[in-house]
Amino acid sequence: MSGKMVYFDNNATTGVAPEVLDAMLPFLKDQFGNPSSMYAFAGISQKAVQKARGQVADLLGARAEEIIFTSCGTESDSTAIMSALRARPDKKHFVTTRVEHPAVLTLGQYLEKEGCSVTYLGVDDKGRINMDELTGALGRDTALVSMMFANNETGNIYPVAEVGAVCRERGIPFHVDAVQATGKLKIDLASLPVDYLALSGHKLHAPKGVGALYVRRGAPFRPFLRGGHQERGRRAGTEAVPNIVALGAACELAAAHIDEENSRVRALRDDLQKRLTASIPDCIVNGDPDMRLPNTLNISFKYVEGEAILLLLDQHGICASSGSACTSGSLEPSHVLRAMGVPFTFAHGSLRLSLSRYNTQDEVDYAAEKLPQIISRLREISPYKS
Ligand SMILES: *Cc1c(COP(=O)(O)O)cnc(C)c1O
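Residues numbered from 1 in each chain as written. Predicted model: local features only at pLDDT ≥ 70, side-chain atom pairs only at ≥ 80, totals over all residues. Heavy atoms only, no water.

Looking at the nonpolar core
Phase 1: Phe149, Leu197 and Leu247 are the most contacted members of the largest nonpolar core, which has 68 residues in total.
Phase 2: With 10 residues, the single largest contributor to this core is helix α7 (residues 241–279).
Phase 3: Split by domain, the residues of this core number at least three in each of domain 1 (6–14 + 258–380) and domain 2 (18–253). (Core = buried A, V, L, I, M, F, W, Y, C linked by side-chain atoms within 4.5 Å. Buried < 20%, exposed > 50% of the residue type's maximum accessible area, 1.4 Å probe, protein only. Helix = DSSP H or I, 4+ residues; strand = E, 2+ residues; numbered from the N terminus. Domains from an automatic or database assignment.)

Given below as structure tokens:
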């Protein structure tokens, strides 16, 4: 497999699906009309945006008019959270979790500086939240609860239906960051008690630079960008027609492949996990073994550095992520693994392998062969004693 790249970093970003590229290309070439213009040529762009809105809505079990196109998952998260807070300026309490993506966590820190009080719910050693802690955190001052559908690092799936039910009972708006879940899990907003839901194109085989936000009919909403009347005044700025068409196509494709994600991709991930845990001593799998995305494997190796694993994997053409963030030069274990209390000797040697429907058994075989060699090589130069 020399010279070939094995891409196991699909939770960071995904490649554009060929069908998605085909769908968007005409809108990068001849069909460049502005959907807001009045002539028939522009009508083609307008119709394409409408079609895409229907495709996104269909994947989620939503109505087309509940979908707003944005530039990315981060914008969708911010728009939803700021909407709910601005709609109720008398309420100053925001509830989220310690394991959110920075798109939510960093906004939470900003909101604290702006005078909000923010509760970050903890997680247990498997990364699970505690429903009693959630219920106890909600008060008369709570403006919004925001929780991710699935975690980008561990793949953990969170109890959206249960949390949504508790919020609904108390009349508290509920936002879900579903960037990692969309296309990997069946989502039916017709039955889920969710008010806002964020997704991002580049995590489901559409290009970077497009996202969507579901806003339940009747949920409070304040535009993030004001200007023209695009998106019915809810998100100004000329529509990124090629990207929006791509996102629509990617959603339709995801709907068609979702059972495959859940069986073939899961089988590949499970095989990789089984072989790595069998051949490498002193490793642990992070996350909830029973409630995890089918594509994600987060695994920690005692007494090695995640960054070193990544470098050696890269030399073999394997792309993956580590569980540490190189913030301010120091290699801190990720906030997710810290929240779970993964011991430091393990957390520093964390690796995230995230698959997609484009991965093959050959690639799994290759990684299952190389990784044990890499870990034992690194352990030879580490304080590791078996
Ligand atoms: C990637 C990601 C985001 C951010 O999406 P962008 O489109 O990159 O802004 C938000 N939340 C989660 C869980 C993610 O994985």
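Re the site of the ligand
Phase 1: Within the structure, the ligand sits among 13 residues, and Thr74, Asp177, Gln180, Ser200 and Lys203 are positioned closest to it.
Phase 2: Between the ligand and the protein, one listed contact pairs an oxygen atom with a side-chain N or O atom of threonine 74 at 2.6 Å.
Phase 3: Taking glutamine 180, its side chain carries an N or O atom lying 2.7 Å from an oxygen atom of the ligand.
Phase 4: In isolation the ligand offers 380 Å² of accessible surface; the protein chains occlude 90% of this area.
Phase 5: For the shell around the ligand, the leading source of residues is helix α3 (residues 73–87), giving three residues.
Phase 6: A class-by-class count of the residues in the shell around the ligand yields three nonpolar, seven polar and three charged. (Near = heavy atom within 4 Å. Polar contact = N/O pair within 3.5 Å; in protein donor to acceptor, adjacent residues only side chain to side chain. Areas by Shrake-Rupley, 256 points an atom, 1.4 Å probe, with all protein chains shown as cover. Nonpolar A, V, L, I, M, F, W, Y, C, P; charged D, E, K, R; others polar.)

A look at the pattern of salt bridges
Phase 1: Under the criterion given, the structure shown has 16 salt bridges.
Phase 2: For arginine 63, the salt bridge is made with glutamate 66, and the minimal N-O distance between the two is 2.9 Å.
Phase 3: On the basis of relative accessibility, which here comes to 37%, the residue arginine 63 falls in the partly exposed class.
Phase 4: Across the salt bridge formed by arginine 275 and aspartate 365, the nearest N and O atoms sit 2.8 Å from each other. On the criterion of sequence distance, the pair formed by arginine 275 in helix α7 and aspartate 365 in helix α11 (residues 361–380) is long-range, its members being 90 residues apart.
Phase 5: For aspartate 365, a relative accessible area of 28% corresponds to the partly exposed category. (Salt bridge = Lys/Arg side-chain N within 4 Å of Asp/Glu carboxyl O.)

What about the state of the cysteines?
Phase 1: Scanning the model with the defined rule gives zero disulfides in all.
Phase 2: Cysteine 72 takes part in no disulfide bond, and the closest cysteine sulfur to it belongs to cysteine 251, at a distance of 15 Å.
Phase 3: For cysteine 167, which is in no disulfide, the shortest distance to another cysteine sulfur is to cysteine 116 and amounts to 16 Å. (Disulfide = S-S within 2.5 Å.)

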